[in-house]
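Structural description and commentary
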Amino acid sequence: MLNLKHFRCTFDKYQNFKMEVIHNISNYSPQKPSVVTIGTFDGVHIGHQKIIRDLVSKAKSEDLSAIVLTFSPHPRMVLQKDTQLKMIDTLEEKRQLLEIMGVEILIVQPFTQEFSRLTAIEYTRDILVNGLNISRLIIGYDHRFGRNREATADDLKQFGLDYNFTVDKIPAQDVASIAVSSTKVRNTILAGEIKKTNRYLGRPFSLIGSIVKGDKIGRKMGYPTANLEIKEKHKLRPNNGVYLVQSQLNNKICFGMMNIGKRPTVSGKKIQIEIYFFDFEGDLYGNKLKIELLEKIRDEQKYESLERLGNQLSIDQKSCQKLIPKYL
(Lines give C-alpha, C1' and ligand atoms only; values in the text may rest on other atoms or scores of the structure.)
Protein backbone atom coordinates (compact mmCIF):
# COMPACT_ATOMS: atom_id res chain seq x y z
CA MET A 1 0.00 0.00 0.00
CA LEU A 2 1.01 3.64 -0.46
CA ASN A 3 2.86 5.36 2.34
CA LEU A 4 5.51 8.03 2.61
CA LYS A 5 8.20 5.44 3.34
CA HIS A 6 7.53 3.80 -0.02
CA PHE A 7 7.50 7.25 -1.65
CA ARG A 8 10.91 7.98 -0.09
CA CYS A 9 12.28 4.60 -1.15
CA THR A 10 11.49 5.47 -4.77
CA PHE A 11 14.00 8.30 -4.47
CA ASP A 12 16.29 6.85 -1.78
CA LYS A 13 19.44 7.99 -3.58
CA TYR A 14 18.50 11.56 -2.62
CA GLN A 15 17.95 10.90 1.11
CA ASN A 16 20.97 12.98 2.18
CA PHE A 17 20.49 15.55 -0.59
CA LYS A 18 20.02 19.23 0.28
CA MET A 19 18.02 21.39 -2.10
CA GLU A 20 18.74 25.12 -2.40
CA VAL A 21 15.67 27.37 -1.97
CA ILE A 22 15.79 30.84 -3.52
CA HIS A 23 13.05 33.41 -2.96
CA ASN A 24 12.66 35.61 -6.06
CA ILE A 25 14.36 34.87 -9.34
CA SER A 26 16.26 38.16 -9.08
CA ASN A 27 18.33 36.50 -6.33
CA TYR A 28 19.47 33.64 -8.58
CA SER A 29 22.83 33.74 -10.36
CA PRO A 30 23.20 30.85 -12.83
CA GLN A 31 26.43 28.87 -12.45
CA LYS A 32 25.74 26.73 -15.51
CA PRO A 33 22.91 26.05 -18.00
CA SER A 34 19.74 24.58 -16.54
CA VAL A 35 16.85 22.23 -17.15
CA VAL A 36 13.70 23.88 -15.81
CA THR A 37 10.10 23.08 -15.07
CA ILE A 38 7.48 25.65 -14.11
CA GLY A 39 4.23 25.49 -12.16
CA THR A 40 2.48 25.70 -8.82
CA PHE A 41 2.90 21.92 -8.32
CA ASP A 42 0.20 21.85 -5.66
CA GLY A 43 0.12 18.35 -4.21
CA VAL A 44 3.17 17.14 -6.16
CA HIS A 45 0.82 14.44 -7.51
CA ILE A 46 1.79 11.59 -9.85
CA GLY A 47 1.62 13.85 -12.90
CA HIS A 48 4.00 16.29 -11.26
CA GLN A 49 6.25 13.42 -10.20
CA LYS A 50 6.63 12.30 -13.81
CA ILE A 51 7.81 15.79 -14.75
CA ILE A 52 10.20 15.99 -11.79
CA ARG A 53 11.69 12.56 -12.52
CA ASP A 54 12.41 13.64 -16.09
CA LEU A 55 13.83 16.95 -14.87
CA VAL A 56 16.29 15.33 -12.45
CA SER A 57 17.26 12.60 -14.94
CA LYS A 58 17.94 15.08 -17.76
CA ALA A 59 19.91 17.37 -15.45
CA LYS A 60 22.16 14.53 -14.38
CA SER A 61 22.73 13.12 -17.87
CA GLU A 62 23.38 16.54 -19.48
CA ASP A 63 25.26 18.18 -16.56
CA LEU A 64 22.63 20.87 -16.07
CA SER A 65 21.18 22.52 -12.97
CA ALA A 66 17.78 20.97 -12.08
CA ILE A 67 15.46 23.93 -11.34
CA VAL A 68 11.81 24.06 -10.31
CA LEU A 69 10.26 27.52 -10.68
CA THR A 70 7.10 27.86 -8.61
CA PHE A 71 4.92 30.75 -7.44
CA SER A 72 3.62 32.07 -4.15
CA PRO A 73 0.88 32.96 -3.61
CA HIS A 74 -1.06 30.80 -6.06
CA PRO A 75 -1.81 32.85 -9.23
CA ARG A 76 -5.57 32.37 -8.74
CA MET A 77 -5.34 34.20 -5.42
CA VAL A 78 -3.88 37.22 -7.22
CA LEU A 79 -5.64 37.23 -10.58
CA GLN A 80 -9.08 35.99 -9.52
CA LYS A 81 -8.97 37.21 -5.91
CA ASP A 82 -9.78 33.60 -4.99
CA THR A 83 -9.16 33.92 -1.27
CA GLN A 84 -11.14 30.72 -0.62
CA LEU A 85 -8.67 28.56 -2.56
CA LYS A 86 -7.08 25.94 -0.31
CA MET A 87 -3.75 24.32 -1.04
CA ILE A 88 -3.06 20.57 -0.91
CA ASP A 89 0.46 21.27 0.37
CA THR A 90 1.96 24.18 2.23
CA LEU A 91 5.10 25.67 0.73
CA GLU A 92 7.18 23.81 3.33
CA GLU A 93 5.51 20.47 2.50
CA LYS A 94 6.15 21.09 -1.20
CA ARG A 95 9.78 21.91 -0.44
CA GLN A 96 10.23 18.61 1.44
CA LEU A 97 8.71 16.55 -1.38
CA LEU A 98 10.77 18.20 -4.13
CA GLU A 99 13.93 17.76 -2.08
CA ILE A 100 13.20 14.04 -1.61
CA MET A 101 12.91 13.76 -5.40
CA GLY A 102 16.35 15.27 -6.02
CA VAL A 103 15.53 18.78 -7.27
CA GLU A 104 18.69 20.87 -7.02
CA ILE A 105 17.20 24.38 -6.89
CA LEU A 106 13.70 25.56 -5.97
CA ILE A 107 12.96 29.15 -6.96
CA VAL A 108 9.89 30.61 -5.28
CA GLN A 109 8.79 33.60 -7.34
CA PRO A 110 6.40 36.08 -5.68
CA PHE A 111 3.37 36.19 -7.95
CA THR A 112 2.14 39.76 -8.35
CA GLN A 113 -0.05 41.70 -10.75
CA GLU A 114 3.13 43.16 -12.26
CA PHE A 115 4.64 39.72 -12.82
CA SER A 116 1.40 38.49 -14.39
CA ARG A 117 1.56 41.22 -17.02
CA LEU A 118 4.75 39.87 -18.60
CA THR A 119 4.06 38.93 -22.20
CA ALA A 120 4.99 35.48 -23.47
CA ILE A 121 8.10 36.82 -25.17
CA GLU A 122 9.15 38.83 -22.08
CA TYR A 123 8.56 35.81 -19.88
CA THR A 124 10.69 33.63 -22.15
CA ARG A 125 13.49 36.13 -22.70
CA ASP A 126 13.74 37.72 -19.23
CA ILE A 127 12.85 34.80 -16.96
CA LEU A 128 13.84 31.62 -18.78
CA VAL A 129 16.73 32.72 -20.94
CA ASN A 130 18.36 35.62 -19.08
CA GLY A 131 17.25 34.68 -15.57
CA LEU A 132 17.73 30.91 -15.59
CA ASN A 133 20.19 30.31 -18.45
CA ILE A 134 17.84 27.62 -19.73
CA SER A 135 19.00 24.76 -21.94
CA ARG A 136 15.93 22.51 -21.64
CA LEU A 137 12.35 23.09 -20.46
CA ILE A 138 10.07 20.29 -19.27
CA ILE A 139 6.36 21.11 -19.00
CA GLY A 140 3.01 19.41 -18.63
CA TYR A 141 0.72 18.82 -21.58
CA ASP A 142 -1.62 21.70 -20.62
CA HIS A 143 0.96 24.34 -19.68
CA ARG A 144 0.09 27.96 -20.57
CA PHE A 145 2.08 31.10 -19.77
CA GLY A 146 2.45 34.82 -20.32
CA ARG A 147 -0.10 37.61 -19.89
CA ASN A 148 -3.64 36.21 -19.73
CA ARG A 149 -2.10 32.73 -20.20
CA GLU A 150 -1.91 33.66 -23.86
CA ALA A 151 0.80 31.19 -24.96
CA THR A 152 0.80 27.41 -25.19
CA ALA A 153 3.37 24.63 -25.11
CA ASP A 154 3.60 24.86 -28.90
CA ASP A 155 4.46 28.57 -28.60
CA LEU A 156 7.20 27.64 -26.16
CA LYS A 157 8.63 25.21 -28.69
CA GLN A 158 8.86 28.04 -31.22
CA PHE A 159 10.54 30.28 -28.64
CA GLY A 160 12.92 27.42 -27.96
CA LEU A 161 14.01 27.49 -31.59
CA ASP A 162 14.47 31.26 -31.38
CA TYR A 163 16.48 31.19 -28.13
CA ASN A 164 18.21 27.83 -28.48
CA PHE A 165 16.57 25.69 -25.80
CA THR A 166 14.69 22.38 -26.04
CA VAL A 167 11.09 21.87 -24.89
CA ASP A 168 9.79 18.49 -23.68
CA LYS A 169 6.01 18.15 -23.23
CA ILE A 170 4.89 15.46 -20.73
CA PRO A 171 1.47 13.84 -21.31
CA ALA A 172 -1.20 13.56 -18.61
CA GLN A 173 -0.76 10.83 -16.00
CA ASP A 174 -3.87 8.70 -15.64
CA VAL A 175 -5.39 6.75 -12.76
CA ALA A 176 -8.32 4.56 -13.84
CA SER A 177 -8.42 6.51 -17.14
CA ILE A 178 -8.73 9.84 -15.28
CA ALA A 179 -6.10 12.50 -15.95
CA VAL A 180 -4.78 13.55 -12.56
CA SER A 181 -4.79 17.26 -11.72
CA SER A 182 -4.49 19.33 -8.54
CA THR A 183 -8.18 20.28 -8.86
CA LYS A 184 -9.21 16.61 -8.96
CA VAL A 185 -7.02 15.91 -5.92
CA ARG A 186 -8.61 18.80 -4.00
CA ASN A 187 -12.09 17.54 -4.82
CA THR A 188 -11.34 14.03 -3.52
CA ILE A 189 -9.94 15.45 -0.27
CA LEU A 190 -13.01 17.62 0.25
CA ALA A 191 -15.23 14.60 -0.43
CA GLY A 192 -13.32 12.47 2.08
CA GLU A 193 -12.25 10.05 -0.67
CA ILE A 194 -8.84 9.61 0.89
CA LYS A 195 -7.92 6.30 -0.74
CA LYS A 196 -8.49 7.90 -4.16
CA THR A 197 -6.60 11.00 -3.03
CA ASN A 198 -3.60 8.90 -2.07
CA ARG A 199 -3.62 7.06 -5.39
CA TYR A 200 -3.52 10.42 -7.19
CA LEU A 201 -0.71 11.67 -4.94
CA GLY A 202 1.31 8.45 -4.94
CA ARG A 203 1.62 8.95 -1.15
CA PRO A 204 -0.67 9.78 1.78
CA PHE A 205 -2.25 13.20 2.07
CA SER A 206 -0.90 14.78 5.24
CA LEU A 207 -1.63 17.46 7.82
CA ILE A 208 1.18 19.16 9.75
CA GLY A 209 0.62 21.11 12.93
CA SER A 210 1.44 21.57 16.59
CA ILE A 211 -0.12 19.59 19.41
CA VAL A 212 -2.03 21.88 21.78
CA LYS A 213 -4.05 21.33 24.94
CA GLY A 214 -7.72 20.43 24.56
CA ASP A 215 -10.61 20.06 26.99
CA LYS A 216 -9.68 16.42 27.79
CA ILE A 217 -13.17 15.01 27.15
CA GLY A 218 -11.64 12.13 25.20
CA ARG A 219 -9.35 11.28 28.12
CA LYS A 220 -12.37 10.94 30.42
CA MET A 221 -13.81 8.31 28.02
CA GLY A 222 -10.53 6.38 27.82
CA TYR A 223 -9.45 7.95 24.52
CA PRO A 224 -6.80 10.61 25.25
CA THR A 225 -6.40 12.62 22.08
CA ALA A 226 -3.70 14.85 20.63
CA ASN A 227 -5.24 18.10 19.40
CA LEU A 228 -3.64 19.28 16.15
CA GLU A 229 -3.47 23.00 15.45
CA ILE A 230 -2.64 23.99 11.85
CA LYS A 231 -1.33 27.55 11.46
CA GLU A 232 -1.50 27.85 7.66
CA LYS A 233 -4.92 29.30 6.84
CA HIS A 234 -4.81 28.17 3.20
CA LYS A 235 -4.05 24.51 3.99
CA LEU A 236 -6.79 22.20 2.72
CA ARG A 237 -8.59 20.10 5.34
CA PRO A 238 -10.69 17.01 4.53
CA ASN A 239 -14.40 16.93 5.25
CA ASN A 240 -15.61 16.13 8.75
CA GLY A 241 -15.40 12.55 9.93
CA VAL A 242 -13.25 9.80 11.40
CA TYR A 243 -10.08 8.66 9.59
CA LEU A 244 -7.44 5.97 9.97
CA VAL A 245 -4.09 7.80 10.22
CA GLN A 246 -0.43 7.18 10.89
CA SER A 247 2.41 9.31 12.24
CA GLN A 248 6.03 8.91 13.26
CA LEU A 249 6.40 9.10 17.04
CA ASN A 250 9.72 8.46 18.75
CA ASN A 251 11.17 7.14 15.45
CA LYS A 252 8.35 4.61 15.13
CA ILE A 253 5.27 4.56 12.91
CA CYS A 254 2.15 4.69 15.09
CA PHE A 255 -1.39 4.23 13.84
CA GLY A 256 -4.45 5.95 15.21
CA MET A 257 -7.85 7.39 14.43
CA MET A 258 -8.49 11.04 13.79
CA ASN A 259 -11.71 13.00 14.13
CA ILE A 260 -12.10 16.28 12.33
CA GLY A 261 -15.23 18.28 13.02
CA LYS A 262 -17.20 20.40 15.47
CA ARG A 263 -17.87 17.56 17.96
CA PRO A 264 -21.68 17.96 17.94
CA THR A 265 -22.17 15.52 20.86
CA VAL A 266 -20.53 18.04 23.21
CA SER A 267 -22.01 21.08 21.37
CA GLY A 268 -18.70 22.13 19.88
CA LYS A 269 -18.66 25.40 17.92
CA LYS A 270 -15.44 25.26 15.92
CA ILE A 271 -13.74 22.61 13.84
CA GLN A 272 -11.06 20.69 15.72
CA ILE A 273 -8.65 17.93 14.71
CA GLU A 274 -8.15 15.23 17.36
CA ILE A 275 -6.02 12.08 17.06
CA TYR A 276 -6.08 9.05 19.32
CA PHE A 277 -2.96 6.93 18.80
CA PHE A 278 -3.13 3.20 19.41
CA ASP A 279 -0.39 1.67 21.58
CA PHE A 280 1.22 5.01 22.45
CA GLU A 281 1.75 6.64 25.81
CA GLY A 282 3.50 9.94 26.27
CA ASP A 283 3.16 13.70 26.34
CA LEU A 284 2.95 15.23 22.85
CA TYR A 285 2.10 18.80 23.88
CA GLY A 286 4.12 21.33 21.95
CA ASN A 287 5.40 18.78 19.42
CA LYS A 288 5.05 19.36 15.69
CA LEU A 289 3.55 16.30 14.01
CA LYS A 290 2.83 15.16 10.48
CA ILE A 291 -0.41 13.15 10.34
CA GLU A 292 -0.82 10.95 7.25
CA LEU A 293 -4.40 10.07 6.31
CA LEU A 294 -4.98 6.53 5.06
CA GLU A 295 -8.75 5.91 4.92
CA LYS A 296 -12.03 7.48 5.97
CA ILE A 297 -14.00 5.37 8.44
CA ARG A 298 -17.26 7.31 8.76
CA ASP A 299 -18.86 10.76 8.78
CA GLU A 300 -19.06 12.79 11.97
CA GLN A 301 -22.27 12.17 13.91
CA LYS A 302 -24.06 13.51 16.98
CA TYR A 303 -24.77 11.02 19.79
CA GLU A 304 -27.29 11.36 22.60
CA SER A 305 -24.68 10.89 25.32
CA LEU A 306 -20.95 10.59 25.97
CA GLU A 307 -21.55 6.92 26.75
CA ARG A 308 -22.98 6.32 23.28
CA LEU A 309 -20.08 8.27 21.78
CA GLY A 310 -17.63 6.16 23.77
CA ASN A 311 -19.25 2.98 22.44
CA GLN A 312 -18.90 4.29 18.87
CA LEU A 313 -15.25 5.16 19.43
CA SER A 314 -14.66 1.54 20.47
CA ILE A 315 -16.27 0.39 17.22
CA ASP A 316 -14.19 2.90 15.23
CA GLN A 317 -10.98 1.65 16.83
CA LYS A 318 -11.78 -1.96 15.91
CA SER A 319 -12.60 -0.88 12.34
CA CYS A 320 -9.27 0.94 12.07
CA GLN A 321 -7.24 -1.89 13.55
CA LYS A 322 -8.67 -4.35 11.03
CA LEU A 323 -7.30 -2.13 8.24
CA ILE A 324 -3.81 -1.61 9.65
CA PRO A 325 -2.17 -4.86 8.39
CA LYS A 326 -2.44 -3.74 4.76
CA TYR A 327 -0.42 -0.61 5.57
CA LEU A 328 2.44 -2.41 7.31
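Summary of the structure given here. (Residues numbered from 1 in each chain as written. Predicted model: local features only at pLDDT ≥ 70, side-chain atom pairs only at ≥ 80, totals over all residues. Heavy atoms only, no water.)

1. Looking at the overall build of the protein chain
In terms of regular secondary structure, the protein chain is built from 11 helices and 14 strands. Taken over the C-alpha trace, the protein chain has a radius of gyration of 22 Å; the compact-globule value for 328 residues is 20 Å, and the two agree within 12%. Once the C-alpha set of the protein chain is aligned to its principal axes, its extents read approximately 75 × 40 × 40 Å. Each of the 328 residues in the protein chain was classed as buried or not, and the buried ones make up 52%. Within the protein chain, counting contacts between residues at least 6 apart in sequence, those at least 24 apart form 75% of the total. Accessible surface computed for the protein chain: about 16,300 Å², of which carbon and sulfur atoms make up 47%. The average position of the 50 basic charges and that of the 37 acidic charges among the side chains of the protein chain differ by 4 Å. (Helix = DSSP H or I, 4+ residues; strand = E, 2+ residues; numbered from the N terminus. Rg over C-alpha atoms; globule rule 2.2 N^0.38 Å. Buried < 20%, exposed > 50% of the residue type's maximum accessible area, 1.4 Å probe, protein only. Contact = heavy atoms within 4.5 Å. Areas by Shrake-Rupley, 256 points an atom, 1.4 Å probe, with all protein chains shown as cover. Lys, Arg positive; Asp, Glu negative; His and termini not counted. Charge placed at Lys NZ, Arg CZ, Asp CG, Glu CD.)

2. So, the pairing of strand β3 (residues 65-72)
On a regular strand, one side chain projects to one face of the sheet and the next to the other, so that they alternate. Burial analysis of β3 places 7 of its 8 residues in the buried class, the great majority of the element. Assessed by its sense of winding, the connection that carries the chain from strand β2 (residues 34-38) through helix α2 (residues 46-62) to β3 is right-handed. Relative to strand β4 (residues 105-110), β3 runs parallel, the two being bridged by 6 bridges. Opposite Leu-69, over in β4, you have Ile-107 as the bridge partner. (Right-handed = clockwise from strand over helix to strand, strands pointing away. Pairing = 2+ DSSP bridges.)

3. What about the pairing of β2?
The buried count for β2 comes to 5 of 5 residues, which makes it a mostly enclosed element. Here β2 shows two buried faces, one formed by Ser-34, Val-36 and Ile-38 and the other by Val-35 and Thr-37. Relative to strand β5 (residues 134-140), β2 is paired through 3 bridges, and the arrangement is parallel. If you follow Val-35 over to β5, its bridge partner there is Arg-136.

4. Details of the side chain of Glu-295
By the secondary structure assignment, Glu-295 is in strand β14 (residues 288-298). Separated by 2.7 Å, the side chains of Glu-295 and Tyr-327 make a polar contact. In this view, Glu-295 contacts Ile-194, Lys-195, Val-242, Tyr-243, Leu-244, Leu-323, Lys-326 and Tyr-327; residues no more than four positions away in its chain are not counted. (Polar contact = N/O pair within 3.5 Å; in protein donor to acceptor, adjacent residues only side chain to side chain.)

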